[in-house]
Each structure stands twice: as structure tokens, then as C-alpha cells.
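Structure at a glance
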There are 2 protein chains.
Amino acid sequence: MLKARDTMTCQIRDVLDRVGDKWTLAVVNELGGGPRRFTELKRGVPGISQRMLTVALRVLERDGLVGRTVHPVVPPRVDYELTALGRALLERVWGLIDWTVENHHEIEKARGRYDSLNR
Amino acid sequence: MLKARDTMTCQIRDVLDRVGDKWTLAVVNELGGGPRRFTELKRGVPGISQRMLTVALRVLERDGLVGRTVHPVVPPRVDYELTALGRALLERVWGLIDWTVENHHEIEKARGRYDSLNR
DNA sequence: CCGCATCCTACTCGATACTG
DNA sequence: CAGTATCGAGTAGGATGCGG
């Protein structure tokens, strides 16, 4: 029998504060491919707005998951890259992603059953 | 070098649709301790409203992560429990939780540094 | 090129009240 | 006990315009 983690509710809050929003995970994943410039990230994460990318990067930088390097040149150049901490997180997130990929079909079937029963 | 998962952005949406909200994970975790009645879940997940518990349970039931059993008695009695699919998800989520626990202190330090530098 | 400030909309969520 | 219905406040996030 699986056992519930004790005092987990507050830890779940911590987890979700980090990865629970739409864009943070996508940005972290994109950075998993190596250092990226701001504009490269914007291209690499389809649908993200400039504002949301900025916000996501600031949060990640503040939490020490992403490093930010400003090159004093014109035009400005800024590189972002995962820290060791960020790479460790990405590997855990892949556990979740893999689960979704592995079970995508079964979930779809469950939904079909549910929806046909409840109209 | 870590490599980014290809076509990951849409899969991230799938993941977040499942576990990206405040309460779903907490409910799944509580059910990790075994079958629970509605009111037991409400007590076991501090701060959750009746409405949010209902919504979370419906989503989880629809996706086949949680089973729902209605006992035809008065007063009504309904039991919820994780399916095999739900238990598999919970184990992956623990990977994330453990990362948070392991690195909580380092994240706090990073925040302190960031905040002191940027006032 | 990089990113902040502002405005505005749409949805989320909590509180409350009510039902089988 | 186990929900459903309704309403209002708060917030996330897109659009736009400007500045270094």
C-alpha cells in the first residue's frame, strides 16, 4: 500500500509555486537544450508572450534554477542557462512527462467512458 | 548534456491539466493513504472548499485516476480511492516533492541572495 | 535586442445558501 | 452526508507602448 506523505500539503504548495504555472516548465525544458538568448526562448516556446517569458525567467532566476548572463555589447545580448539545481528539477519533471506519455491513451479511454455515461 | 524533450510543449499542457492546480495533487496524495469518504478528504486536505474538492474529484474520476463508489444507504456514503493509474501518477509526483524537500534550503538561499542584490 | 509599465479581460476560486 | 447553485473579489495573462 502506498502511503501519503505527511505534512505534504504545504510542500505541494512549494512545488506548485515553482512549476505549477503554464510557462515555467516549458521554459525550463527549452533551457534543457543548452543556453538560450531571450529571443531564442521566445521562439522556442510557442505561444508565450514577452511578458510571461520575462516573468517566468525572473522567478526561475530568483529561485536559483536559471543563470542570467548579460553581455555588455550593443545590441544587448543576454544568455540564460539552467543551473545544476535547474537540471536536477528538469529530470524530476521528466518523470511526470513520461507518465503522461505512457498513459495518455488510457486516460483518453477513461474520459470517453465517463463522458458517454454522463452525456 | 541534458537534452530537451521534443514536442514537449503540448505534453506539458497535458501534465499541467492533470496536476497543475493547487488541490488535485493534495487530494491524490491524501488518497494515497487508502480509500476516503468525501468528508474525510475535506478534513484531510486543510483549506480546501467543498466546491474545489468536488471539482477536483470529478476531474480525477473522469481521467480514470480515482474510483468512486456510492453505497445506497442513508445517510449517503461515497468512497473514493486511487486506481492503479492514480497510484502510478502519485509515485512520479513524489519525485518532484522529494526534489523540493531536498533543495528547499538551497532555493531559500538563492532567493535571499537575489532579493538582497535587487533590494 | 531586451525588457519594464500599463491597461484590460476572462477566468478562478472562496463564501454562502440550498437540496436529496 | 454529499453534493449543486449562485455571486463577487481577486488574479493571471494578453495587448500595447515606451525606454536603455
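Residues numbered from 1 in each chain as written. Chains lettered and ligands numbered in written order. Predicted model: local features only at pLDDT ≥ 70, side-chain atom pairs only at ≥ 80, totals over all residues. Heavy atoms only, no water.

**Digging into the sheet that holds strand 1 (residues 36–37) of chain A**
All names here are of chain A. Taking strand neighbours across the sheet as the criterion, the three strands line up as 1-3-2 in an open arrangement whose pairing is antiparallel. The strands lining the two open edges of the sheet, one partner per strand, are strand 1 and strand 2 (66–71). Bridge count for strand 1 against strand 3 (residues 77–82) is two bridges, and the pairing is antiparallel. Bridge pairing in strand 3 places Arg 36 opposite Tyr 80. Strands in contact with helix 2 (residues 24–31) are strand 1, strand 2 and strand 3; relative to strand 3, the strand with the most contacts, it is inclined by about 95°. Across the sheet, helix 4 (residues 50–62) lies against strand 2 and strand 3, angled at about 110° from strand 2, the strand it touches most. (Pairing = 2+ DSSP bridges. Helix = DSSP H or I, 4+ residues; strand = E, 2+ residues; numbered from the N terminus. Contact = heavy atoms within 4.5 Å. Axes fitted to C-alpha atoms, helices over the stretch in contact; angles between N-to-C directions.)

**Here we look at the relation of the copies chain A and chain B**
Mapping chain A onto chain B calls for a screw motion: a turn of 180° about the axis and a shift of 0.0 Å along it, with 0.1 Å RMSD after fitting. Considering both components of the superposition, the chain copies are consistent with a two-fold axis. If distances are taken from each C-alpha of chain A to the rotation axis, the shortest is found for Gly 20 of chain A, at 2.5 Å. Interface overlap between copies: 100% of the residues of chain A at the interface are likewise at the interface in chain B, consistent with a symmetric, same-surface contact. (Least-squares fit on C-alpha atoms with pLDDT ≥ 70 in both.)

**Focus on the pairing of strand 3 of chain A**
Residue and element names in this part refer to chain A. Two strands pair when backbone bridges link them, and strand 2 and strand 3 are joined in this way by six bridges, in the antiparallel orientation. Looking across to strand 3, one finds that Gly 67 is bridged to Glu 81. Counted between consecutive antiparallel strands, the loop separating strand 2 from strand 3 contains five residues.

**Concerning the interface of chain A and chain B**
Of the residues lining the interface, 56 residues belong to chain A; the matching set on chain B comes to 56 residues. Note on chain A versus chain B: buried area summed over both sides is about 5500 Å², and carbon and sulfur give 66% of it. For the interface between chain A and chain B, the tally reads six salt bridges. Sorting the residues of the side of chain A that touches chain B by element identifies helix 1 (8–19), helix 2, helix 4 and helix 5 (84–117) of chain A as the ones contributing at least two each. (Buried area = accessible area lost by both parts, 1.4 Å probe. Salt bridge = Lys/Arg side-chain N within 4 Å of Asp/Glu carboxyl O.)

**Focus: the UniProt feature "domain: HTH hxlR-type" (unreviewed entry) in chain A**
UniProt records the feature "domain: HTH hxlR-type" (unreviewed entry) at residues 10–108 of chain A, using the numbering of this structure. From the first C-alpha to the last, residues 10–108 of chain A spans 31 Å; its make-up is 64% helix and 14% strand. (UniProt positions renumbered as here; feature names shortened; annotations may be inferred.)

**Details of the protein's contact with DNA strand C**
With respect to spatial proximity, 19 residues lie near DNA strand C, and among them Phe 38, Thr 39, Thr 54 and Arg 68 of chain A together with Met 52 of chain B are the closest. Protein-proximal atoms of DNA strand C, defined as those within 4 Å of the protein, fall in sugar or phosphate at a share of 68%. Between Arg 37 of chain A and DNA strand C, the recorded distance is 3.0 Å, taken from a side-chain N or O atom to a sugar or linking oxygen. Listing elements by their share of the surface near DNA strand C, those giving two or more residues are helix 3 (38–44), helix 4 and strand 3 of chain A together with helix 4 (50–62) of chain B. Considering every element that reaches the surface near DNA strand C, the biggest residue donor is helix 4 of chain A, with four residues. (Near = heavy atom within 4 Å. Polar contact = N/O pair within 3.5 Å; in protein donor to acceptor, adjacent residues only side chain to side chain.)

**Quick notes on the packing of helix 5 of chain A against helix 4 of chain B**
Running from N to C, helix 5 of chain A and helix 4 of chain B cross one another at 115°; their axes reach a closest spacing of 8 Å. Taken together, helix 5 of chain A and helix 4 of chain B sit at an angle that is classed as roughly perpendicular. Here helix 5 of chain A contributes Ala 110, Arg 111, Tyr 114 and Asp 115 of chain A to the contact with helix 4 of chain B, which in turn contributes Arg 58, Glu 61 and Arg 62 of chain B. Grouping the constituent residues of the contact of helix 5 of chain A with helix 4 of chain B by class yields two nonpolar, no polar and five charged. (Parallel < 35°, antiparallel > 145°, perpendicular 65-115°, else oblique. Nonpolar A, V, L, I, M, F, W, Y, C, P; charged D, E, K, R; others polar.)

**Remarks on the nonpolar core**
Core analysis: the largest hydrophobic core is formed by 62 residues, its most contacted members being Val 27 of chain A together with Val 27 of chain B. In contact with Val 27 of chain A, other than residues within four places in its own chain, are Val 45, Ile 48, Leu 53, Ala 56, Leu 57 and Leu 60 of chain A. (Core = buried A, V, L, I, M, F, W, Y, C linked by side-chain atoms within 4.5 Å. Buried < 20%, exposed > 50% of the residue type's maximum accessible area, 1.4 Å probe, protein only.)

**Observations concerning the sheet that holds strand 3 (residues 77–82) of chain B**
Residues and elements named next belong to chain B. With respect to topology, three strands assemble into an open sheet ordered 1-3-2, the strand pairing being antiparallel. The open sheet has two edge strands, strand 1 (36–37) and strand 2 (66–71), and neither has a second partner. Strands in contact with helix 2 (residues 24–31) are strand 1, strand 2 and strand 3; relative to strand 3, the strand with the most contacts, it is inclined by about 95°.

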